[in-house]
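Chains, contacts and geometry: an overview
Here's the letter readout for the chains.
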Amino acid sequence: MRLEREIKLSRPLVAAVAVVCMLGGLLSGELSLKQVSAAGTDPGRTDYSVSGDRIVWLEADAGGVRQVYSLNQSSGADTVLTTSSSAKDAPSVGGNIAVWADKGTEQESSLNWDIYSANLATGTRIKLNKQSGQYGNPTTDGVGVVWYERKNYGSMIYHDLATGVEADLGEGRFPVLAGGEVVYKNARDGGLSLLDLSSGVTRALVSLGGANYVDWFVFNGSHVLFKQKNGASESKYVLLNIKDLTAQPVDLTEMKPGGTEYAFMSIGGGQAVFQEDVNGVVTLKQVNLSTYAVHPLSALEAGAKLIGISGDKLLYSKKNDYIESINLQEGSTPPSPGTAPSPGSTPNPGSTPNPGTAPNPGSTPEVKIPIVTGAKDTQVIGSAGGILSVLNGWARLEISAGTFKDNTTVSLAQAELETQALLDANGKKLLKAGSAWQIQASSPFLIPAKLAVQYPKEELWTTSREKLGIYSYNPAKGNWTYIGGVTAAENGFVQAKITASGLYAVMLRDIDFTDLSGHWAQQQVEVLAARGIVNGMNGTNYAPKGILTRAEFTKLLATALQLQPVQPGTATFRDVPVASWSYPYVEAAAKAGIVTGEAGLFHGNDPLTREQMMVMLMRAIDSNTGNKASAADAVKREAGLSGFKDKDSISAWARESVAAAVEKKLVQGSGEFLKPKDSSTRAEAAVIMYKLLAELKLL
């Protein structure tokens, strides 16, 4: 391998420099080592874009407001392009033109953004868009600028810099402009199309349907490298030569199950590079754009960061802040292969941060990755409520009267989240059924709203219907939390109540236990485990014959009913102190009237008897439905106990609840015996909890 000369950076280089590979889509020209070295930055700089000797980026000023900066590599001149207090996002540069999204005079709560440009040679700065709109993701080739409006199926706009003429390019999302051609994501079929600006001719590049879609792509003016995914989170890399009208997309890798994913892709004049997970190992692969040959590159030394392709060189920085290059034309590799490098943080046209969404400055799989909205419904919702719907009802947000006190701008948008791994808070893998959905409201929710999302009609999802749930994304921790999953109320949909703006998705947490194979309670336990209601004993076993305590069942019940844990300063029961693991669950159940204890004691460590369980179940039902049995109902239910020989052993305080539980078929006896004083096993409790959810129409 031949290493190019080393250049010392004045400050640590961040992998965000590689943003040029995706957002600019301009790598038809050489990016010199000198140019990259000048991009060495502190972590406060983000959203880099490079073209020729020009670099633009975002950086917070002394007041904490992110401004757009530019650097002329030839002269070394560093220029502040903006000084206003408004928010800015997604800067891009082509030739002597820099463009970015800017809040301008729009209110912070507004979804509207403006598009600005600056001529880096003359210093002229102008607003490009002629009308207000939810604009974002501008790119430029130095001759024109293209951006799109985030509504419905997306509306692309082209602005000619010489004449000022603005043209509607039609439907499309995340357009990337290079050499007078625009490649964009189709809003309706998940594929890609190309628009030749000189002729006005549009042609489909990639047509996909169902749960298949282009996850992200890079474009250099002649080739498109993209990652294709399906509803099962399987993915493959594909290359297409757009200059050959007879060319078909060429699969570079096989469709593989979802593993750790890496966002780095870069494309140059003759070579492209991408990263993927191969048997649990991060692998860097090189593609020859002429022959489509793919071969792995040796791993970079530990701590190295990928930057992007410059001509036929792949640039990366070392821990000592020097940058080196791999000559891809020679198929060379770096010396002394070490551990896998930190994956590059190159964003992609399908994953560029929304205006108002914090971009991803990091480069490891654990780092939060920005989201991008697609099809979108935005309305002003008053106190009377309303309904938002996207993609012909694929996702629907029902807002009840009283959810918002005053007129509130609410949006429901299709979203794509570039996570390297979908995990819950316990690190368990999740499978995403289709798109994610971003909900934004300019006011807090006073009462819950109902989110209903359709899932693909594929066997993976339909056979696991009751295990599906709606999860919310925690951007601070980079994981997902189950919030609910009613699948029986509406065919083909999952419903849940939400109480805040955020990112939501239908997901499957498929958990099985080795000691439940063929067990009579297997299906019910696995459904509850998928919903986070029950857990195993050591990760692989459920211990179905284990005896349940009163405290354990209380936690189980509180979790199933989604009762919020309560931690009052003074304990309700003397034997459940604040420091006890069961304290918040017992207090939540007590607040809901499900547990009452005896003489100020709860006896949480005592085995749970069947009659105690039935009392708690019926209190839970009454708490949720508010229905109380009439005297006639009580007599009828009492008659239902006549078939059990041990009916007289039922405690007087539990008799009414036991009779109601038997009538509702929540419990069944063993032959002619009900066994009210027997303890309850973990398997029995799970089956009964499953029946409770069905009774409350929560399955």
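Note that this is a predicted model, so its numbers are computed, not measured.

Segments scoring low in pLDDT should not have their predicted coordinates read at a detailed level. Chain-level statistics for the protein chain give a pLDDT mean of 81 and a share of 83% at 70 or above. Below a pLDDT of 50 lies the segment residues 1–43, which in the model reaches 155 contacts outside its immediate sequence neighbourhood of four places, other chains included. Every residue in residues 331–370 scores below 50 in pLDDT, and together they form 141 contacts with partners more than four places removed in sequence or on other chains.

Moving on, we come to the pattern of salt bridges. Under the counting rule described, the total for this entry stands at 20 salt bridges. The closest approach of N and O atoms between Asp510 and Lys467, which form a salt bridge, is 3.2 Å. Linking Asp510 in the loop between β38 (502–508) and α4 (522–530) with Lys467 in the loop between α3 (459–462) and β35 (468–474), this pair joins segments that are 43 residues apart in sequence. Residue classification places Lys467 among the buried positions, given a relative accessible area of 13%. The shortest N-O distance in the salt bridge between Lys645 and Glu672 comes to 2.8 Å. One end of the pair, Lys645, is in the loop between α8 (631–639) and α9 (655–663); the other, Glu672, is in the loop between α9 and α10 (682–695), with 27 residues separating them in the sequence. Shared partners join several salt bridges into a network, and the residues in it are Arg396, Glu398, Lys450 and Glu490.

Our next topic: the environment of Val238. By the secondary structure assignment, Val238 is in strand β20 (residues 235–241). You can call Val238 buried: its relative accessible area is 1%. Along the sequence, Val238 and Val214 sit 24 residues apart, while their C-alpha atoms lie 9.7 Å from each other.

To continue, consider the packing of aromatic side chains. Within the structure shown, the criterion is met by 10 aromatic pairs. Taking the centre distance of 5.3 Å and the plane angle of 35° together, the rings of Phe573 and Phe602 count as tilted. On the criterion of sequence distance, the pair formed by Phe573 in the loop between α5 (550–560) and α6 (583–591) and Phe602 in the loop between α6 and α7 (610–625) is long-range, its members being 29 residues apart. The positively charged end of Arg682 is found above the aromatic ring belonging to Tyr542, 4.2 Å away from the centroid.

Even without being glycine, Lys665 reaches a positive phi, approximately 60°. With respect to the helices and strands, Lys665 occurs in the loop between α9 and α10. Phi angles above zero are rare outside glycine, and Lys675 is one such case at about 55°. Within the secondary structure, Lys675 sits in the loop between α9 and α10.

Right, let's get into the side chain of Glu587. Structurally, the position occupied by Glu587 is in helix α6. Despite its burial, Glu587 pairs with no opposite charge, the nearest such side chain being Lys591 at 9.5 Å. Leaving out residues up to four positions away in the same chain, Glu587 has contacts with Val566, Pro568, Thr570, Ala571, Thr572 and Phe573.

In this structure, Ser233 sits in the loop between β19 (223–229) and β20. The exposure class of Ser233 is buried, given its relative accessible area of 11%. Discounting residues that sit within four places of it in the chain, Ser233 has contacts with Lys256, Pro257, Gly258, Leu422, Leu431 and Lys432.

Among the five residues that make up strand β15 (residues 181–185), five are buried, leaving the element largely enclosed by the rest of the structure. Side chains Glu181, Val183 and Lys185 project from β15 onto one buried face, and the interleaved Val182 and Tyr184 project onto a second face that is buried too. Examined bridge by bridge, strand β14 (residues 173–178) and β15 share four bridges and lie antiparallel to one another. Each bridged residue has a counterpart across the sheet, and for Arg173 the counterpart in β15 is Lys185. Where β14 folds back onto β15 in an antiparallel hairpin, the turn is made up of two residues, including Gly179, whose phi is positive at roughly 60°. Where β15 and strand β16 (residues 192–196) come together, five bridges link them in antiparallel fashion. Across the sheet, residue Val183 finds its bridge partner in β16, namely Leu194.

Before going further, it helps to spend a moment on the pairing of strand β18 (residues 213–219). The buried count for β18 comes to seven of seven residues, which makes it a mostly enclosed element. Here six bridges tie β18 to β19, and the two strands are oriented antiparallel to one another. Following the sheet pairing, Val218 is matched in β19 by Leu225.

What counts, and at which threshold
Residues numbered from 1 in each chain as written. Predicted model: local features only at pLDDT ≥ 70, side-chain atom pairs only at ≥ 80, totals over all residues. Heavy atoms only, no water. pLDDT = per-residue confidence, 0-100. Contact = heavy atoms within 4.5 Å. Salt bridge = Lys/Arg side-chain N within 4 Å of Asp/Glu carboxyl O. Helix = DSSP H or I, 4+ residues; strand = E, 2+ residues; numbered from the N terminus. Buried < 20%, exposed > 50% of the residue type's maximum accessible area, 1.4 Å probe, protein only. Phe/Tyr/Trp six-rings, centres within 6.5 Å; stacked < 30°, edge-to-face > 60°. Lys NZ or Arg CZ within 6 Å of the ring centre and 35° of its normal. Lys, Arg positive; Asp, Glu negative; His and termini not counted. Pairing = 2+ DSSP bridges.

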